[in-house]
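Read off the chains here:
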Amino acid sequence: MERKSGGGKVKRRLLSQTQYIAYGFFILILIGTGLLMLPFASRSGESMGFIDALFTATSASCVTGLVVADTWSQWTLFGQIVVICLIQIGGLGFITIGVFVSIVLRRKIGLRQRGLMQESTSALQIGGIVRLAKKIVLGTCFFEGVGALLLSIRFVPQYGLFKGVFYGIFHAVSAFCNAGFDLMGHQQPYNSLSFYYDDWLVNGVVMLLIIIGGIGFIVWDDLYRNKWHVRKYLLQTKVVLLTTMVLVFGGGLLFYLLERNRLIADMSVGGKILTSLFSSVTARTAGFNTVDTAALSDGSKLLTIILMFIGGSPGSTAGGVKTTTIMVLFLYIHANIKRSYSINIFGRRLEEEAVKRAGAICTINLVLALSVSLIIMAIQPLGMPDVLFETFSAIGTAGMTTGITRDLLPLSRLLVAFLMYCGRIGSMSFALAFTHQRRVAHMKNPVETISVG
């Protein structure tokens with residue numbers, strides 16, 4: 001965009017949509033850090049250090065769940081409210097909330113705001129984006145409200161009316177936003193939901209909220225419009241639902257087979273099934289746990305890393321490389337094996353640009369996670385399985401840990417916080433935030449063949 005100044009022209013470059021979102025999340029994190037550093041935010045009455053407050057604010061804003069201090073033991077009611085507000089804003093996205101406020105105040109929403117909303121929610125088209133923002137906020141309030149009410153049925157008799165209702169709201173928001181923060185530290189610090197491992201109400205509500213929040217707002221809208229008419233569903237909806245079911249039940253089955261004679265051996269049949277399903281669901285960026293993560297077998301830890309890396313679906317509260325990304329890559333491999341000229345699924349052909357983007361996203365995430373793992377292992381004597389678990393949990397905004405988060409040095413904590421930030425805004429988006437608009441090449445270099453594979 002250009003404007004004249006005196007006799008010449010002065011260029012004024014506006015932030016790109018990707019840059020706007022990336023910087024917006026960064027500002028949100030800094031505001032959260034400042035609030036959490038206030039003395040009355042901590043139970044001790046002393047201000048938390050900058051790095052630890054920054055780590056917590058990043059984890060909450062990026063809906064991850066990794067913590068250097070137990071949420072209940074560390075924070076007062078004020079601090080807990082700050083955390084849950086960061087989770088809610090980070091889960092829905094500040095763009096979505098801003099557009100909804102504009103709708104309520106009846107302000108005009110321009111094309112730039114609509115474009116930001118489209119980028120924030122990974123919407124397929126800009127048309128109807130304002131209505132989508134309204135549906136997202138109202139739908140979130142509905143699901144979180146119902147979840148909070150159901151959880152309160154269990155928590156109110158245990159903790160009293162005020163505390164039980166607050167616990168219901170806190171854990172419903174945390175579950176729907178795939179954040180993994182909990183307030184169960186009054187029973188045992190860093191315990192998460194272990195005391196409820198066989199509670200069908202708590203487990204069922206939390207799992208449903210995680211799945212609903214993780215399938216994506218575009219899928220919500222499609223399901224709302226087309227109800228049970230599966231043939232009318234968008235291709236993205238079909239792919240997301242198929243992949244989600246395979247990962248949830250397939251992951252649950254694998255957890256059961258890997259741990260049936262170990263960690264869950266002494267549980268009832270119902271407890272084993274519930275724990276296996278919960279472990280599969282929560283690994284995909286939610287961060288809760290009903291069993292000791294550090295006690296998992298190596299096979300279960302590897303399975304968890306894979307699920308954390310995949311994560312949820314585009315335009316959702318979940319992180320990871322996304323279910324559609326993995327499906328596109330598998331379809332591409334399948335097409336190459338069959339020597340097919342196109343990538344097809346559900347009677348539709350995928351565009352080549354989707355394959356390029358999927359490959360770039362997976363590669364960038366892998367490089368970031370492995371690079372940070374190497375740096376952490378170079379400066380700290382920590383085991384490779386634990387470090388890899390931590391870094392993949394951070395980049396996938398999963399929030400699960402084998403317990404080394406509290407042992408990380410300040411530099412390691414900053415690196416893990418960086419991974420959480422990249423995982424929330426998208427590693428590809430983070431890279432694009434530092435690039436200018438794409439330029440069309442007027443000349444192309446000559447082609448030459450190289451051997452691959």
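Fair warning: this is a prediction, and the values are worked out from it, not measured in the lab. (Residues numbered from 1 in each chain as written. Predicted model: local features only at pLDDT ≥ 70, side-chain atom pairs only at ≥ 80, totals over all residues. Heavy atoms only, no water.)

Novice: Describe in detail unusual backbone geometry, supporting the description with residues and values.
Specialist: The residue Ser-192 is not glycine, and still its phi comes out positive at about 55°. Tracing the sequence through the fold places Ser-192 in the loop between α8 (161-176) and α9 (200-214). By relative accessible area, which is 3% here, Ser-192 ends up buried. Even without glycine at this site, Lys-322 takes up a positive phi of about 90°. Looking at the element boundaries, Lys-322 is found in the loop between α13 (298-310) and α14 (323-337). (Helix = DSSP H or I, 4+ residues; strand = E, 2+ residues; numbered from the N terminus. Buried < 20%, exposed > 50% of the residue type's maximum accessible area, 1.4 Å probe, protein only.)

Novice: Now, about the packing of aromatic side chains: what can you tell me, with residues and values included?
Specialist: What the rule picks out here adds up to twelve aromatic pairs. Measuring from centroid to centroid gives 5.9 Å for Phe-309 and Phe-392, while their planes differ by 65°, and the two rings are edge-to-face. With Phe-309 in helix α13 and Phe-392 in helix α16 (residues 384-395), this residue pair connects regions lying 83 residues apart in the sequence. Residue classification places Phe-309 among the buried residues on the basis of a relative accessible area of 12%. Cation over ring: Arg-406 sits above Tyr-190, and NZ or CZ is 3.8 Å from the ring centre. (Phe/Tyr/Trp six-rings, centres within 6.5 Å; stacked < 30°, edge-to-face > 60°. Lys NZ or Arg CZ within 6 Å of the ring centre and 35° of its normal.)

Novice: Before we move on, could you go through the nonpolar core and cite the residues and values that matter?
Specialist: Most often, soluble globular proteins have nonpolar side chains that are buried together. Counting residues in hydrophobic clusters, the biggest one holds 118 residues, and the most contacted among them are Ile-87 and Val-206. At nine residues, helix α7 (residues 129-159) tops the list of elements feeding residues into this core. The residues contacting Ile-87, other than those within four sequence positions of it, are Ala-60, Val-63, Val-173, Ser-174, Cys-177, Ala-179 and Phe-181. (Core = buried A, V, L, I, M, F, W, Y, C linked by side-chain atoms within 4.5 Å. Contact = heavy atoms within 4.5 Å.)

Structural measurements only, silent on function.
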